[in-house]
Number of protein chains: 2
Amino acid sequence: MIESYFDGISCHKDYVLAVKDTLNVVSGKWKLAIVCSLFHEKKRFSEIERMIPPITPRMLSKELRELEVNGVIVRNVITSMPIVIEYDLTLSGRELRGVVDKMVEWGLLHRQATISELT
Amino acid sequence: MIESYFDGISCHKDYVLAVKDTLNVVSGKWKLAIVCSLFHEKKRFSEIERMIPPITPRMLSKELRELEVNGVIVRNVITSMPIVIEYDLTLSGRELRGVVDKMVEWGLLHRQATISELT
DNA sequence: CTGGATCCAATGAGATACTG
DNA sequence: CAGTATCTCATTGGATCCAG
């Protein structure tokens, strides 16, 4: 198990790169919301659009493409009639759940800490 | 222990807020680097500046102020001669280490996953 | 339904010079 | 040493219209 990636003085370049990779996928206004919307099950474009208002089609399209390029989601074209396009998380994408949970955990603790500090 | 904050359909507003709080502190080009530079011990302005090239004084100043407002670091003015100003992490700030470690972990695994996928 | 194309505003970030 | 001030460029995100 990992203790910590920092030796206190410097930080190995691979770790810096790893953090940047993660940041690339979680930061921004919409990316994380899109990922979270797919935790439960795969969805179609308009389903995601409805789940994350008020995202515009333009932004959703752009973010989906970026997440796909980054290997976080997959785009599946179902050749039925009419054609249906489904988005789903990759294995890697699903593992983002651990990261998100950690972020929620810190956010909640931090808010509690800063509030109790003011009383 | 926390299983997950998502029920698959929706996501409680407090959790969304918590993620945003965390994102506020880790995203951007410099914030996380600054936080990490303080994991080992408190530092002065120019020490941080030297550790994170090529950050400009303008950016360092701005980011330090934001992190202070967000309760992640504290600014201590030591009234010696000459005056010394030290920056240190708050308790909350130190706990960011768990978040960063999780991010590094995912980043490394993800890179491995996407590479092995191409072979 | 699933987007692409274009235009525009707001914010982020770099360069350089300067101050108590 | 610990920043500020100003200017400028790059990136992000929104609005609207259009298309297969």
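Just so it is clear, the model here is predicted, and its values are computed rather than measured. (Residues numbered from 1 in each chain as written. Chains lettered and ligands numbered in written order. Predicted model: local features only at pLDDT ≥ 70, side-chain atom pairs only at ≥ 80, totals over all residues. Heavy atoms only, no water.)

Chemist: Can you walk me through the interface of chain A and chain B in this structure?
Modeler: The figure often quoted for interface size is the accessible area lost as the parts come together. Between chain A and chain B, the residue contacts involve 46 residues of the former and 46 residues of the latter. Summed over both sides, the interface between chain A and chain B buries roughly 4100 Å², with carbon and sulfur atoms accounting for 69% of that surface. Applying the counting criterion to the chain A and chain B interface returns two salt bridges. Residues D21 of chain B and R111 of chain A are paired through a salt bridge, measuring 2.7 Å at the closest nitrogen-oxygen approach. There are twelve residue pairs in polar contact (both at pLDDT 80 or more) connecting chain A and chain B. Taken together, the elements giving at least two residues each to the side of chain A that touches chain B come down to α1 (13-26), α2 (31-37) and α6 (96-118) of chain A. It is α6 of chain A that provides the largest number of residues to the side of chain A that touches chain B, a total of 17 residues. Across the side of chain A that touches chain B, the residue classes tally to 24 nonpolar, 13 polar and nine charged. (Contact = heavy atoms within 4.5 Å. Buried area = accessible area lost by both parts, 1.4 Å probe. Salt bridge = Lys/Arg side-chain N within 4 Å of Asp/Glu carboxyl O. Polar contact = N/O pair within 3.5 Å; in protein donor to acceptor, adjacent residues only side chain to side chain. Helix = DSSP H or I, 4+ residues; strand = E, 2+ residues; numbered from the N terminus. Nonpolar A, V, L, I, M, F, W, Y, C, P; charged D, E, K, R; others polar.)

Chemist: Explain the packing of aromatic side chains to me, please; I cannot follow it from the model alone.
Modeler: Geometry of an aromatic ring pair is reported as the spacing of the ring centres plus the angle between the planes. Counting across every chain of the model gives zero aromatic pairs over all chains. Stacked on the ring of F39 of chain A, the Lys or Arg R97 of chain A has its end atom at 5.0 Å from the ring centre. (Phe/Tyr/Trp six-rings, centres within 6.5 Å; stacked < 30°, edge-to-face > 60°. Lys NZ or Arg CZ within 6 Å of the ring centre and 35° of its normal.)

Chemist: Please clarify how the protein's contact with DNA strand C should be interpreted in this entry.
Modeler: With respect to spatial proximity, 15 residues lie near DNA strand C, and among them S46, S61, R75 and Y87 of chain A together with K29 of chain B are the closest. Sugar and phosphate atoms form 67% of the subset of DNA strand C atoms that lie within 4 Å of the protein. Between DNA strand C and R75 of chain A there is a distance of 2.4 Å, counted from a phosphate oxygen to a side-chain nitrogen or oxygen. A distance of 3.0 Å is found between a base oxygen of DNA strand C and a side-chain nitrogen or oxygen belonging to R58 of chain B. Those elements that provide at least two residues to the surface near DNA strand C are α3 (45-51), α4 (57-69) and β3 (84-89) of chain A together with α4 (57-69) of chain B. The element that contributes the greatest number of residues to the surface near DNA strand C is α4 of chain A, accounting for four residues. Its residues placed into classes, the surface near DNA strand C shows six nonpolar, three polar and six charged. (Near = heavy atom within 4 Å.)

Chemist: Got a minute to help me understand the environment of M103 of chain A in this structure?
Modeler: Mapped onto the elements, M103 of chain A comes out in helix α6. Overall, M103 of chain A belongs to the buried group, its relative accessible area being 0%. Those residues within four positions of M103 of chain A in sequence are excluded, and the remaining contacts are L32 of chain A together with A18, V19, T22, L23 and V99 of chain B. (Buried < 20%, exposed > 50% of the residue type's maximum accessible area, 1.4 Å probe, protein only.)

Note that every value here comes from positions in space, so none of it alone points to a role or purpose.
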